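Residues per chain are reported as follows:
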Amino acid sequence: MASSPAAPMFLRRRTQAPRPAAPAPLPGDSSDDDGEYDDLCCEECGSGDSPAELLLCDKCDRGYHLFCLRPILVSVPKGSWFCPSCSNQKKVKSFPLVQTKIVDFFRIQKPSKPRKKPVEDSTKKRKRAGSLVMSKKRRKLLPFNPSEDPDRRLEQMRSLATALLASGTRFSDDLTYRRGMAPRSANRASLEKAGMQVLSKEDTQTLNLCKRMMDRGECPPLMVVLDPLEGFTVEADRFIKDLTIVTEYVGDVDYLEKREDDDGDSMMTLLSAADPAKSLVVCPYKHGNVARFINGINNHTPEGKRKQNLKCVRYDVDGECRVLLIANRDIPKGERLYYDYNGYEHEYPTEHFV
């Protein structure tokens with residue numbers, strides 16, 4: 001199936017560790033003001049190598065390599081940064097495993113009466129089976145298959161609620177349009193400079209089915225776990241078949257040009273317009289879903305590339321741009337999910353990813 005890859009945007013990242021401002025030298029003072037930091041070493045590994053990736057705490061001035069921190073930092077933050085000792089990081093608190101609280105958090109709708117499965121017309125079945133015409137069949141997208149056990153689904157949703165609360169994010173399974181940001185009318189797939197693949201009517205129905213399942217609490221079979229190296233990450237909680245729609249990448253929609261100095265590391269390209277002023281990104285910091293916690297592969301190692309089991313694809317869905325994460329092979333239970341953050345833009349730094 002042809003696809004148009006999408007990737008998170010990371011723009012104008014700082015590559016040099018910030019240094020405290022030094023006082024103006026006195027007349028006749030020939031001392032080297034920079035010498036104070038020449039022998040700076042990482043508090044974790046003890047090395048002063050890779051100075052461009054050595055980050056200084058804005059409180060204690062101690063240094064840490066981005067890749068020595070746990071979890072790893074992707075790049076030097078644009079604002080102030082405090083080391084683990086100075087930041088007083090709070091321990092992640094698990095969301096309560098209480099059905100009513102989970103129902104309220106995800107705004108789960110009351111289940112309606114189950115619909116009877118339509119009986120397929122036997123004449124059509126015989127006609128298809130007897131056809132001698134050979135043609136290449138388009139591969140259809142599949143809906144995710146929720147866990148049958150409702151208690152297990154509560155565990156899965158609890159894990160996601162824990163990660164969202166720790167990140168200060170409110171759950172949403174749709175793109176959100178907020179006042180002061182890009183309006184929904186700006187999301188027009190026709191503006192895509194290279195054209196965008198149109199999601200077929202049948203695949204659109206599959207996507208809508210996934211949304212309806214989520215609305216009634218039948219979530220994708222995913223578990224969000226906290227890894228000391230990768231931070232929050234996502235693993236399959238049951239077998240996921242190739243071409244399954246795992247989730248949609250959602251969040252607040254805004255113009256790219258307004259986010260060029262954004263300090264976040266999870267922006268996703270939504271629309272790459274011929275007119276840069278009309279390009280859009282998805283920002284999952286205030287509103288988002290499980291997609292925010294799915295990690296990227298290391299583009300610089302064969303081992304990292306082999307981990308990829310999802311593809312990130314931008315589609316034209318009824319005239320609007322949407323970003324879907326789709327299984328690109330069968331995924332066994334317990335395997336962590338990864339996709340390529342650099343589908344075609346190659347702007348996201350992944351060299352220190354696991």
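Residues numbered from 1 in each chain as written. Predicted model: local features only at pLDDT ≥ 70, side-chain atom pairs only at ≥ 80, totals over all residues. Heavy atoms only, no water.

An unreviewed UniProt entry lists the protein chain under the name [histone H3]-lysine(27) N-methyltransferase, from Linum trigynum. Note on the protein chain: under the UniProt heading Subcellular location (unreviewed entry), the record states "Nucleus". Of the protein chain, the UniProt comment under Catalytic activity (unreviewed entry) reads exactly: "L-lysyl(27)-[histone H3] + S-adenosyl-L-methionine = N(6)-methyl-L-lysyl(27)-[histone H3] + S-adenosyl-L-homocysteine + H(+)". (UniProt positions renumbered as here; feature names shortened; annotations may be inferred.)

Further remarks concern the sheet that holds strand E14 (residues 320-327). Read from one edge of the open sheet, four strands run E3-E7-E14-E13, paired in mixed fashion. Strand pairing shows two members of the sheet lacking a second neighbour, strand E3 (142-143) and strand E13 (310-317), which therefore form its edges. For strand E7 (residues 244-248) and E14, the ladder comprises three bridges, and the chain directions are antiparallel. Across the sheet, Ile 245 pairs through a bridge with Ile 326, a residue of E14. (Pairing = 2+ DSSP bridges. Helix = DSSP H or I, 4+ residues; strand = E, 2+ residues; numbered from the N terminus.)

This brings us to the packing of aromatic side chains. On inspection of all chains with the given rule, the structure shows four aromatic pairs. Ring plane angle 75° and centroid distance 5.0 Å describe the contact between Phe 105 and Phe 106, whose orientation is recorded as edge-to-face. Of the two residues, Phe 105 and Phe 106, neither departs from the other in class, the shared state being buried. Taking 4.8 Å as the distance between ring centres and 70° as the angle between the ring planes, the aromatic pair formed by Phe 106 and Phe 171 counts as edge-to-face. Of this pair, Phe 106 sits in helix H2 (residues 99-106) while Phe 171 is found in strand E4 (residues 170-171), placing the two residues 65 residues apart along the sequence. A network of ring pairs unites the aromatic residues Phe 95, Phe 105, Phe 106 and Phe 171 as a single cluster. (Phe/Tyr/Trp six-rings, centres within 6.5 Å; stacked < 30°, edge-to-face > 60°. Buried < 20%, exposed > 50% of the residue type's maximum accessible area, 1.4 Å probe, protein only.)

Moving on to helix H4 (residues 150-166). The α-helix advances 3.6 residues per turn, and as a result positions three or four apart in sequence lie on the same side. An ideal rise of 1.5 Å per residue puts 24 Å on 17 residues; H4 measures up with 24 Å between its terminal C-alpha atoms. Restricting attention to buried positions, one finds in H4 the residues Arg 153, Leu 154, Gln 156, Met 157, Ser 159, Leu 160, Ala 161, Thr 162, Ala 163 and Leu 164. Against H2, E4, strand E5 (222-227), strand E6 (231-236) and strand E11 (287-288) lie the buried residues of H4. Between the side-chain oxygen at the start of H4 and the backbone nitrogen of Asp 151 there is a gap of 3.1 Å, and the oxygen is on Asp 149. Just beyond H4, the residue with positive phi is Gly 168, at close to 70°. (Expected span 1.5 Å × (residues − 1). Contact = heavy atoms within 4.5 Å. Polar contact = N/O pair within 3.5 Å; in protein donor to acceptor, adjacent residues only side chain to side chain.)

Strand pairing in a sheet relies on backbone hydrogen bonds. The paired strands run either parallel or antiparallel. Read across the sheet, three strands follow the order E8-E10-E9 without closing on themselves; strand pairing throughout is antiparallel. At either margin of the open sheet sits one strand with a lone partner, and together these are strand E8 (252-255) and strand E9 (268-271). Neighbouring strand axes in the sheet, compared pairwise and without regard to direction, differ in orientation by 40° on average. Where E9 and strand E10 (residues 280-283) come together, three bridges link them in antiparallel fashion. What sits directly across from Thr 269, in E10, is Val 281. (Axes fitted to C-alpha atoms, helices over the stretch in contact; angles between N-to-C directions.)

When you line up the elements, Asp 316 lands in strand E13. Buried Asp 316, no salt bridge; nearest opposite-charge side chain is Arg 322, N-O distance 8.8 Å. (Lys, Arg positive; Asp, Glu negative; His and termini not counted. Salt bridge = Lys/Arg side-chain N within 4 Å of Asp/Glu carboxyl O.)

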